[in-house]
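Notes for the structure review
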Amino acid sequence: MEPDVSIETSSVIRIAVLPIGTVPPGLLREYQMMLLRQQTIPQSAISSFYTEHQKSPFAHQPWDTGSLRFKFILGGAPPSPWEDFQSNRKILAVIGICHCPSSPDLDSVIDQFNSACKSYASALVHRCFAFCPGDSQLEDGSKKGGNLKLFPPADTQTQEMHLQTMMQDIAASLLMEFEKWVLKAESAGTILKTPLDSQASLNSEEVLKAKKRRLARSQKTIGDYCLLAGSPVDASAHYSTSQELARLTGDYFWYAGALEGGVCALLLDRMGQKDPAMEEEVRYRYNSVIVHYRKSFIQDNAQRVSPLSFELEATLKLARFLCRRELAKEVVELLTSAADGAKSLIDASDRLILFVEIARLYGTIGYQRKAAFFSRQIAQLYLQQENRLAAISAMQVLAMTTKAYRVQSRTSTSEHSLPNKQIGSSHVDGGKMHHHSVVSLFESQWSTLQMVVLREILLSAVRAGDPLAAWSAAARLLRSYYPLITPAGQNGLASALSNSADRLPSGTRCADPALPFIRLYSFPLHPSQMDIVKRNPEREDWWAGSAPSGPFIYTPFSKGESNDSSKQDLIWVVGEPIQVLVELANPCGFDLRVDSIYLSVHSGNFDAFPVSVNLPTNSSKVITLSGIPTSVGPVTIPGCMVHCFGVVTEHLFKDVDNLLLGATQGLVLSDPFRCCGSAKLRNVSFPNISVVPPLPLLVPHVGGGDGAIILYEGEIRGLWINLANAGTVPVEQVHISLSGKNQDCVISVAYETLKAALPLKPGSEVKIPVTLKAWQLGLLDPDPAAGKSAFGSMMRHFKDGSSPTVVIHYAGSLSSSGDPSTVGSSVPPGRRLVVPLQICVLQGLSFVKARLLSMEIPAHVGENLPKPVHVDSQSTERTIGSESKLDRLVKIDPFRGSWGLRFLELELSNPTDVVFDISVSVQLENPSNADNDSADQDAVEYGYPKTRIDRDCSARVLIPLEHFKLPILDGSFFMKDIQADGPTGSRNSSFSEKNAKAELNASIKNLISRIKVRWQSGRNSSGELNIKDAIQAALQASVMDVLLPDPLTFGFRLVRNGLEPAKLESPNELNSSVQSSASKGPVLAHDMTPMEVLVRNNTKDLIKMSLSITCRDVAGENCVEGAKATVLWAGILSGITIEIPPLQEIKHSFSLYFLVPGEYTLVAAALIDDANDILRARARTHSPDEPIFCCGPPYNVRVIGTA
């Protein structure tokens, strides 16, 4: 049998092409390609070379439309025993190829060519083409002439034209030789035999039959030459004659050959036109050909030679003629019949050719699996020969079957797959493959057959000595079918991989990955990558309106957009290292050593760093792969490059994604990651990665270490933030802001210091001072169990995120290039640096309770009346900072007393491990007159002595409130009560009520703000307690008693010799007079003592009252009235009716005569007549008829006896 046969094969002239001398292989292929372009020579082109010596036997030669067809056989072919039966099997011409520079001796070339031609007795034309001759060879060759044809050096087009001319000459020579042969055969006849003819002696009858058969065979052979000469009409006539004669003689084999030739002549005559009628005719005739070939089968010759090969060839020719999808069923029947006949073929090479043709035809009609099956039969035939060339052929044939069995190498599919630049984008949609695509990729029901195919490829590659193909087959077998392979088999494949790698050069790459399995785990985002912000150069706040990239790959609050736009945008910076997490799995029964693994980047703007990994048996591991972007542009990372088992392979993430998708749908054998105990990983989408130009990179360092800043409540401390530019470009724009909770605790940030350091060049540093004040812990914050544990408190405050953060937006130059036209289109982004101030606020001094206390110390009656707390509405205490004033804040003046004096008592507890020193200070207003000598015109702060609170101890701090009373009892404070009693007010009254409440609240806040409680611990730790809430809670019920003065103020003084005491202006004079009043002379018994009572009206209304004065002894008995009175008086002491103008005072004089020395108390009281609503509100009366009674503080009088 012959390969690649068709119906038209009978009309093709075979020409042997032989290299003569030494011809370089590259040039030989080039000359062969030039010949192949001359396979068809039109008859119209050979007329100039054709000479008709006598009348041509080809009466119907189509000179205008016909052509001669050539088939060039490089290296020639041995003669066929069937040449007489089919003339197209003969080598009818020999062409020698000579390269003159390699073979300078033309005589030797001619001798070699003549010697080579002797092997082809059937050749009618001989030509030797000598290419690139030198000058001497051209001169020598022109003398020799004959069959040597020189091709002078020229360009390719010229040589092809020269070769075309030579081939036209050969065609004309062959045509003339065909004419001679036909004329000779018609006149003299010829003896034609085939291997089917019996070699025994013939009797007379058989001799007569043999003569008739010779005539039929001669006509059939003449028809063959007519076909070769391109005259189908003449061939049909001779074939018809041959058929008649062969039928008469019962020569079915030659009859089938004549029928077959007639079909070829029919097709040539129709010039390749196909119509249903002609197809039916060809089908009918070829079925007859097949039947008659079958009839010619002789059982006696079955063991020696059989016409079965011609029957099968005819079947293949008809199948090839009908080979198209519409007639696939009929073609399959023909090929099935041919395959059944293969069992009866004697020659193994015939069986090989048959399987090759059947596989080709199945592939043509799209029956890939059947084609693959017969290809495996071909490979098995090759492997039976047990030689290297046969093994190479088997390997190549099996490689063609891998696509049908879904085990093809990536090398064979690379040209059909996506370009490398699109692999990264296709990975993103790997989890969204259509179901039929997954089914086509994974067909687990083929697993056993697929394993057999891969084993055959591995065996053939090992025999063929192709280590790379063997490595590829072993890798595919191990990677795809490890669950079906025993541990011993897995170790055997690992050994095969290692042995193949030992025969490969170092660094060899293979398209098919082996182990491990690699999937994308995550893209861990460094803060420097997440805090890249877009930059708007048109705005001064260029960072506004642009959120930082990351850290979330998906946010549920994004707008509903298409899938492409929902991909995460990841920005990398040139020169800054990045990290990608991948997970490796080794599901096999041996330890796996990965010599190196690094990210595979096709965009060319990324340098990856390799790492080595050891994976134990049935284990998985998550590793970090890193690299550095090198230039601006998009980055595509389709997978990893792995150096394992001595070969470098590329592992694509999308392949593993498809594998895992197939595992979830039950289409593949198993999930390699779950086999290794790895948890199920969600589908990680591949982000759109872009690389931006180099950016500045600020690295912060908070002074005092990277740990927590431990502060006690209210503590004020300064620290510094050191910023170093670790980037490669300077910082040119910067802005500082605060975010998070408790921003008020950051008192100041030295922004100007940072701004003055711009541009901050690479490697430079700047130190920014920051002042902090610890906030107050809430009611739920303190934890008694952790009160002494700084660690517990730190953990609590870090968890609730109560610390503020310093946010720094910074950027480099506006343009990454020197072209100003690109500034607007390619502005490098900026960065956001978040510096968390890890403040841990510990509970310092804690308030146990706060309450109001009153002190009842009677005043002494002196010569001068102690000055009231408020003498006008402009100032509270007309005092200035002096030692005497300081003493007044601390000590009690015995001539002033403290009747009704209010103190705020704060009980503080120290639960910490340190000692606190507490200092209380009060701010007092200065008088606004110009006579004051003080330099401070606003307020003077006076402090009490410090109080120390040791660890686990408590202390009480007293704060006097007498200096905070308002000067006037105004009705605006009681507007709310008045409005409540009367009818509904208008908008004006409501407005007045709001103003009154606001003024009262302002007074309370003013009182609270003027009291400061500070603490100090150690050398550098200090702060201020927040007592606002405590004071406000303590004053809530008694705010009017603290802030509002009494309606009437009472005071007593002595009058010496009836003289009016001098009016004292300065506080110093007042103090000196008070202290010296006792020295001027005490109150003596048995002596008339003149006195005065002073009553002041603190309201803005006239007050009518009835004044009474009472004197009591130490027992509290009234010593003025009654039978046992010990004090005589002169003047009026009770029922004194007087009127006091607004904000004025009146005096009432009287005298007392003490009979008994001792301690006496004077008390003044008044009953107010017709009290208004203000007085009733101040007195908190419940009835409008209830009398208003005002009683002054007691004044002590010490009476001494006479000598």
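Because the structure is predicted, anything quoted here is derived from the model rather than measured.

1. Quick word on the overall build of the protein chain
Along the backbone of the protein chain there are 31 helices and 47 strands. For the protein chain, the proportion of its 1203 residues judged to be buried stands at 48%. Taking the contacts inside the protein chain whose residues are at least 6 apart along the sequence as the reference set, 79% of them involve residues at least 24 apart. A total of about 58000 Å² of accessible surface is found on the protein chain, and carbon and sulfur atoms cover 52% of it.

2. A look at helix H28 (residues 1028-1035)
Regarding H28, the residues found buried are Ala1030, Ile1031, Ala1034 and Leu1035. Taken down its axis, H28 places every buried residue within 120° of arc, on the same side. Exposed side chains of H28 directed beyond 90 degrees from the buried face belong to Lys1028, Asp1029 and Ala1033.

3. Overview of the nonpolar core
Counting residues in each nonpolar core, the largest one holds 186 residues, and the members touching the most others are Phe70, Phe129, Met167, Trp572 and Ile597. Of all the elements, helix H4 (residues 156-188) adds the most residues to this core, at 12 residues. Setting aside its immediate chain neighbours within four residues, Ile597 contacts Ile518, Leu584, Phe609, Pro610, Val611, Val613, Ile623, Leu625, Cys640, Met641 and Val642. Core analysis: the next-biggest nonpolar cluster, separate from the first, contains 39 residues, Val861, Phe1050, Leu1162 and Cys1190 among them.

4. A look at the pattern of salt bridges
Taken as a whole and judged by the stated rule, the model has 31 salt bridges. The shortest N-O distance in the salt bridge between Glu177 and Lys180 comes to 3.7 Å. Here Glu177 and its partner Lys180 are both found in helix H4, three residues apart, which amounts to about one turn of the helix. Residue class for Glu177 comes out partly exposed when judged on its relative accessible area of 24%. Classification of Lys180 as partly exposed rests on a relative accessible area of 45%. It is possible to trace a salt-bridge network through shared partners that takes in Glu2, Arg14, Arg89 and Glu313.

5. Some thoughts on the packing of aromatic side chains
Each aromatic ring pair is characterised by the separation of its centres together with the angle its planes make. In total, this model carries 27 aromatic pairs according to the counting rule given. Ring centres 5.4 Å apart and planes at 65° place the aromatic pair Phe178 and Tyr225 in the edge-to-face group. Of this pair, Phe178 sits in helix H4 while Tyr225 sits in helix H5 (residues 204-228), placing them 47 residues apart in sequence. Exposure remark for Phe178: the relative accessible area of 0% places this residue in the buried category. Exposure remark for Tyr225: the relative accessible area of 2% places this residue in the buried category. Each ring, one from Tyr362 and one from Phe374, has its centre 5.7 Å from the other, and the planes form 15°; the classification is stacked. In this pair, Tyr362 sits in helix H11 (residues 348-364) while Phe374 sits in helix H12 (residues 368-383), placing the two residues 12 residues apart along the sequence.

6. Digging into the sheet that holds strand E25 (residues 765-773)
Here four strands make up an open sheet; going across it, the order is E20-E22-E25-E24 and the pairing antiparallel. Edge strands, defined here as strands with exactly one partner in the open sheet, are strand E20 (698-702) and strand E24 (746-749). Each adjacent strand pair in this sheet contributes to an overall mean axis angle of 25°, direction not counted. Sheet topology note: the strand E22 (residues 716-725)/E25 ladder contains nine bridges and is antiparallel. Note on E25: the bridge partner recorded for Ile721 is Ile768.

7. Remarks on empty space enclosed by the protein
By the definition in use, this model includes three cavities of 30 Å³ or more. Approximately 70 Å³ is the volume found for the largest cavity. If you trace the largest cavity, you find it lined by Ser10, Gln86, Ser87, Asn88, Lys220, Asp224, Tyr239, Gly257, Glu260, Gly261 and Tyr293. Of all the secondary structure elements, the ones that give two or more residues to the lining of the largest cavity are H5 and helix H7 (252-269). Residue contributions to the lining of the largest cavity peak at three residues, all from H7. When grouped by side-chain class, the residues that make up the lining of the largest cavity number two nonpolar, six polar and three charged.

8. Brief notes about the sheet that holds strand E3 (residues 67-74)
Strand order in the open sheet formed by six strands is E2-E3-E1-E4-E5-E6, and the pairing between neighbours is mixed. One side of each edge strand has no neighbouring strand; the edge strands of this open sheet are strand E2 (40-42) and strand E6 (148-151). Neighbour-to-neighbour, the strand axes of this sheet turn through a mean angle of 30°, independent of strand direction. Across four bridges, the pairing between strand E5 (residues 125-131) and E6 is parallel. If you follow Ala130 over to E6, its bridge partner there is Leu150.

9. Digging into the packing of H11 against H12
It is at 8 Å that the axes of H11 and H12 come closest, and there the two elements cross at 160°. If you check the angle between H11 and H12, you find them roughly antiparallel. For the pair H11 and H12, the sense of crossing is left-handed. Each of Arg351, Leu352, Phe355, Val356, Ile358, Ala359, Tyr362 and Gly363 in H11 lies in contact with H12, whose residues at this interface are Gln368, Lys370, Ala371, Phe374, Ser375, Gln377, Ile378, Leu381 and Tyr382. Broken down by class, the residue content of the contact of H11 with H12 amounts to 11 nonpolar, four polar and two charged.

10. Focus: the environment of Ser375
Structurally, Ser375 can be placed in helix H12. Linking Ser375 and Arg360, residues 15 residues apart in sequence, is a C-alpha distance of 8.9 Å. Setting aside residues no more than four positions away along its own chain, Ser375 makes contact with Ala359, Val397 and Thr401.

11. Some details on the environment of Gly1116
Its location among the elements puts Gly1116 in the loop between strand E41 (1103-1112) and strand E42 (1127-1130). Sequence-wise, Gly1116 and Thr1161 are 45 residues apart; in three dimensions their C-alpha atoms are separated by 8.3 Å.

12. Notes on the pairing of strand E17 (residues 639-644)
Taking burial as the measure, the six residues of E17 include five buried ones, the bulk of the element. Summarising the sheet, E17 and strand E18 (residues 647-652) pair through six bridges and their orientation is antiparallel. Bridging from a neighbouring strand, Cys640 pairs with His651 of E18. Taking the residues that link successive antiparallel strands as the turn, the E17-E18 hairpin has two residues, and the phi of Phe645 there is positive, at about 55°.

13. Section: the packing of helix H6 (residues 232-249) against H7
The N-to-C vectors of H6 and H7 enclose an angle of 160°; their axes lie 9 Å apart at closest approach. As the angle between them shows, H6 and H7 are arranged roughly antiparallel. For H6 against H7, the interelement crossing comes out left-handed. On H7, the residues that touch Pro232, Val233, Ala235, Ser236, Tyr239, Ser242, Gln243, Ala246 and Arg247 of H6 are Tyr255, Ala258, Leu259, Gly261, Gly262, Ala265, Leu268 and Asp269. Its residues placed into classes, the contact of H6 with H7 shows 10 nonpolar, five polar and two charged.

What counts as what
- In this numbering scheme, every chain counts its residues from 1 along its sequence in written order.
- This being a predicted model, a pLDDT of at least 70 is required before a residue's local features are given, and a value of 80 or more before pairs of side-chain atoms are given or counted; all residues contribute to the totals for chains, interfaces and linings.
- Side-chain metrics in this entry use all non-hydrogen atoms of the structure; hydrogen atoms and water are not considered.
- Starting at the N terminus, helices and strands are each numbered in turn, a helix being any DSSP run of H or I of at least four residues and a strand any DSSP run of E of at least two.
- Burial classification: accessible surface area is computed with a 1.4 Å probe over protein chains only, and a residue below 20% of its type maximum counts as buried, one above 50% as exposed, and the rest as partly exposed.
- We call two residues in contact when some of their heavy atoms are within 4.5 Å.
- Every accessible area reported is derived by Shrake-Rupley at a probe size of 1.4 Å, with residue values counting cover from the shown protein chains alone.
- Note that the arc is computed from the directions linking the helix axis to the C-beta atoms.
- Throughout this description, the term nonpolar core refers to a set of buried Ala, Val, Leu, Ile, Met, Phe, Trp, Tyr and Cys residues connected via side-chain atoms within 4.5 Å.
- A pairing counts as a salt bridge when a side-chain nitrogen of Lys or Arg comes within 4 Å of a carboxyl oxygen of Asp or Glu.
- Each aromatic pair joins two rings of Phe, Tyr and Trp (for Trp, the six-membered one) with centres within 6.5 Å, and gets the label stacked for planes under 30 degrees apart, edge-to-face for over 60, and tilted for any other angle.
- In this description, strands pair whenever DSSP reports at least two bridges between them.
- Angles here are taken between N-to-C directions and fall from 0 to 180 degrees, while the axes themselves are lines fitted to C-alpha atoms, restricted in helices to the stretch in contact.
- A pocket here means an open set of points on a 1 Å grid, computed over the protein atoms alone, that has protein on both sides within 12 Å along at least five of seven lines. A cavity is instead a set of points where a 1.4 Å probe fits but cannot get out; residues with an atom within 4 Å of a point line either one.
- Grid points are joined across faces, edges and corners, and a volume is the space filled by probe spheres set on the points.
- Lys, Arg, Asp and Glu make up the charged group, whereas Ala, Val, Leu, Ile, Met, Phe, Trp, Tyr, Cys and Pro make up the nonpolar group; the residues left over, Gly among them, are polar.
- Angular relationships are summarised with four words: roughly parallel below 35 degrees, roughly antiparallel beyond 145, roughly perpendicular across 65 to 115, and oblique for the angles in between.
- Left-handed describes a crossing whose near helix is turned anticlockwise from the far helix by less than a right angle; the clockwise case is right-handed.

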